[in-house]
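Below are the chains, spelled out letter by letter.
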Amino acid sequence: MMYTFYLEKDSFLHSLDPRTKIIGSLSAMVAVLLFNHPAVMTALFLLILIAGRVLGKVEIGEQLKFLKPLLPLVILTIALWPLIYRPRTLGLLFGASFALRLLTLGLITILLLATTRQRELIRGFVKLGLPYELGLTVSIGLRYIPTLYILANNIMDAQKSRGWEVEKGNILVRLRKMSAVLIPLIVASLRTAHELSIALETRAFGASKKRTFLRDIKMRRRDYVALILILLLLGTAVYLRYSLGVGYVRIYG
Amino acid sequence: MIEVRNLHFAYDGREVLKGIDFAMGRELVALVGPNGSGKTTFAKHLNGLLKPVKGKVLVDGMDTKEHTVAELSRVVGYVFQNPEHMFFEETVFDEVAFGPRNLGIEGEELRKRVEWALKAVNMKGYESRSPYSLSGGEKQRLAIACILAMKPKYLILDEPTTGLDARSERSVVNVLKSLREMGHGILLITHDMGLVLELAERVVLIHGGEKVFDGPVTDFFSLPLTNYGLSKPELLNLAEETGVGFVRTVEELVGALEVKLR
């Protein structure tokens, strides 16, 4: 079962400073948002997938497994575009393209989380100038995604045992049926959040203004090299997109 | 009859159940084993929440692979460990009615079932309360009523007394006893050996994904339980030390001792 995204491995990505990885991830996201051509999106998706395997030693299968929860959105995207865009074949291509963009953005986030420990991630955010509380909030949020996923499954199992079936009925009926899962999920989440805040306070969270850190992070040579490469790649992407007009198709008008 | 044949199951390639054979009818079976031994995974196969990787699970002849959980819920009821994971209605009445409604029961029959289920768990008069306003023991009993209202022949209860105070625990135990008298087959997952001693007719011990014991409760307590992370109730130790042998309750022990001393 999946409790956190982090995977303990000895890889190049794991050895980088979290700041490098945060900047790298943001740059990759910007690059993905620059383009919308289906071929370019496919290439970028595969590139990130391979980079995750080669640089982060995260198996392709593992990466795809993490993306599985996005599947409904992907299907919806691919199905909706041809409905609202004409000619339909072009709509389908755009749908596929945006679905791939979504998957690539997801993949980038997952690779950041799979190769960076939570405490290092917070440290990275703080060193980049974010307040500690914000860094903590972000990482707690990320930390609880898998937990909520498991909880939701558990609740669905409990309701299935009471003869509940989501598959039956039209979309309105289905939405109403979802309340059997959403209400217990929200109640349990609020309860967890409340308990977490008490746990934080009992450990004197916020007691002193200045926090100290047991493990500090340090930029090494490989980080600077990686950063230069990242910025060069991003620069190339911007150049391709804006000066050469590669990889972008006008959708409207 | 619930029949399990050579059940194998794996999570992400890790084998959790390694070939379990099991059968139960209308009896009270305690399912015990240390944390992570595969008890819950096993139990979730009995109402089709999990489908076997290899092997077969038959519920009154129905293969769980060919039926949905909703269909199987008419025969096998599963009471989850945390009652709050199922509550979402505004009143106790609607909460209990949710299951039968899903089975297509309406009107007078529905009202009767809810009333009957609430009475069975000693909660008559709670109909218009909010499920979230109840105490721990009441929540647990309500959870049982929710499943009971669907009139399943078999009930699976996952640690129904964990975290309850003594009085609430008694209230749940009494419900279990009366369900047994009503003729339900009950599979009780628990760590409480006192409860096993008091209630179980038969015990199944799972350890490391394998069934290591399946037999009457008397034989179970002569196993070297500490090897499985379990321990014998003090009552049984006392009975053995005083040469009485097997007893289930304090009253039985006192009775046997009185006979002995006379």
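Sequence positions are assigned chain by chain, starting from 1 and proceeding in written order. Working convention: letters from A go to chains and numbers from 1 go to ligands, in the order in which they are written. Residue-level local features of this predicted model are given only where pLDDT is at least 70; pairs of side-chain atoms are given and counted only at 80 or more, and the full residue set underlies all totals for whole chains, interfaces and linings. To obtain the side-chain values, all non-hydrogen atoms of the structure were included, while hydrogens and water were left out.

**Re the overall build of chain A**
Secondary structure counts use DSSP, requiring at least four H or I residues in a row for a helix and at least two E residues in a row for a strand, with both numbered from the N terminus. A tally of helices and strands in chain A yields ten helices and zero strands. Element order for chain A, N to C, with α for helix and β for strand: α-α-α-α-α-α-α-α-α-α. Along the first, second and third principal axes, the C-alpha set of chain A runs to 60 × 60 × 35 Å. Classification of the 253 residues of chain A by burial places 37% in the buried group. Counting only contacts in chain A whose residues sit at least 6 apart along the sequence, the fraction spanning at least 24 positions is 75%. Reported accessibility uses the Shrake-Rupley method at a 1.4 Å probe radius. Residues are deemed covered only where the shown protein chains occlude them. When the accessible surface of chain A is split by element, carbon and sulfur atoms take 69% of a total near 15,100 Å². We treat Lys and Arg as the positive residues and Asp and Glu as the negative residues; His and chain ends play no part in the count. By convention, the charge on Lys lies at NZ, on Arg at CZ, on Asp at CG and on Glu at CD. Across chain A, 33 positive and 14 negative side-chain charges occur, with their mean positions spaced 6 Å apart. Throughout, exposure labels follow a simple rule: accessible area from a 1.4 Å probe, protein chains only, divided by the maximum for the residue type, with under 20% read as buried, over 50% as exposed, and the rest as partly exposed. In this analysis, two residues are considered to be in contact whenever any of their non-hydrogen atoms come within 4.5 Å of each other.

**Some words on the interface of chain A and chain B**
At the interface, 20 residues of chain A touch 24 residues of chain B. Taking both partners together, chain A and chain B bury about 1,900 Å²; carbon and sulfur atoms supply 58% of that area. Salt-bridge detection follows one rule: a side-chain nitrogen of Lys or Arg within 4 Å of a carboxyl oxygen of Asp or Glu. Put simply, chain A and chain B have three salt bridges between them. N or O atoms closer than or at 3.5 Å make up a polar contact, with two conditions inside protein: a donor-capable atom paired with an acceptor-capable one, and, for residues adjacent in sequence, both atoms drawn from side chains. For the pair chain A and chain B, the interface holds six residue pairs in polar contact (both at pLDDT 80 or more). Ten residues, namely Ala, Val, Leu, Ile, Met, Phe, Trp, Tyr, Cys and Pro, are considered nonpolar, four, namely Asp, Glu, Lys and Arg, are considered charged, and the remaining ones, Gly among them, are considered polar. Within the side of chain A that touches chain B, the residues separate by chemical class into nine nonpolar, five polar and six charged. Each of two parts loses accessible area, computed with a 1.4 Å probe, when they are put together; buried area is these two losses added.

**Points about the sheet that holds strand E6 (residues 76-79) of chain B**
Residues and elements named next belong to chain B. Should DSSP find at least two bridges between two strands, the strands are taken to pair. With respect to topology, six strands assemble into an open sheet ordered E6-E7-E8-E3-E9-E10, the strand pairing being mixed. Strands with a single pairing partner mark the edges of an open sheet, and in this sheet they are E6 and strand E10 (210-216). Taken over all neighbouring pairs, the strand axes of this sheet differ in orientation by 15° on average, direction set aside. With six bridges connecting them, strand E9 (residues 202-207) and E10 associate as antiparallel partners. Across the sheet, the residue bridging to Val204 is Asp214, located in E10. For helices, the fitted line uses only the C-alpha atoms of the stretch in contact; every axis is such a line through C-alpha atoms, and the angle between N-to-C directions lies from 0 to 180 degrees.

**Describing the domain arrangement of chain A**
Throughout the structure description, domain borders are defined by an automatic or database domain assignment. You can read the domains of chain A as domain 1 (1-116 + 220-253) and domain 2 (131-206). On a C-alpha basis, the centres of domain 1 of chain A and domain 2 of chain A stand 27 Å from each other.

**Points about the sheet that holds strand E2 (residues 14-24) of chain B**
Residues and elements named next belong to chain B. Spatially, E2-E1-E4-E5 is the arrangement adopted by the four strands of the open sheet, whose pairing is antiparallel. Both edges of this open sheet fall to E2 and strand E5 (62-63), since each of them pairs with a single strand only. As paired strands, strand E1 (residues 2-11) and strand E4 (residues 54-59) are joined by five bridges and run antiparallel to one another. Bridging across to E4, Val4 finds its partner in Val57. The strands that helix H1 (residues 39-46) touches are E1, E2 and E4; relative to E1, the one it contacts most, it runs at about 125°.

**A look at the domain arrangement of chain B**
All names here are of chain B. The domain boundaries assigned to chain B delineate domain 1 (2-225) and domain 2 (232-262). The C-alpha centroid of domain 2 is placed 31 Å from the C-alpha centroid of domain 1. For the pair domain 1 and domain 2, the summed buried surface comes to about 710 Å²; carbon and sulfur atoms form 71% of the total. When the buried surface of domain 1 facing domain 2 is broken down by residue, Leu197, Thr218 and Phe221 rank first, second and third, together holding 63% of it. The interface formed by domain 1 and domain 2 contains zero salt bridges. Across the contact surface, domain 1 and domain 2 share four residue pairs in polar contact (both at pLDDT 80 or more). Listed by contribution, the elements that provide at least two residues to the side of domain 1 that touches domain 2 are helix H7 (193-199) and helix H8 (217-220). At six residues, H7 tops the list of elements feeding residues into the side of domain 1 that touches domain 2.

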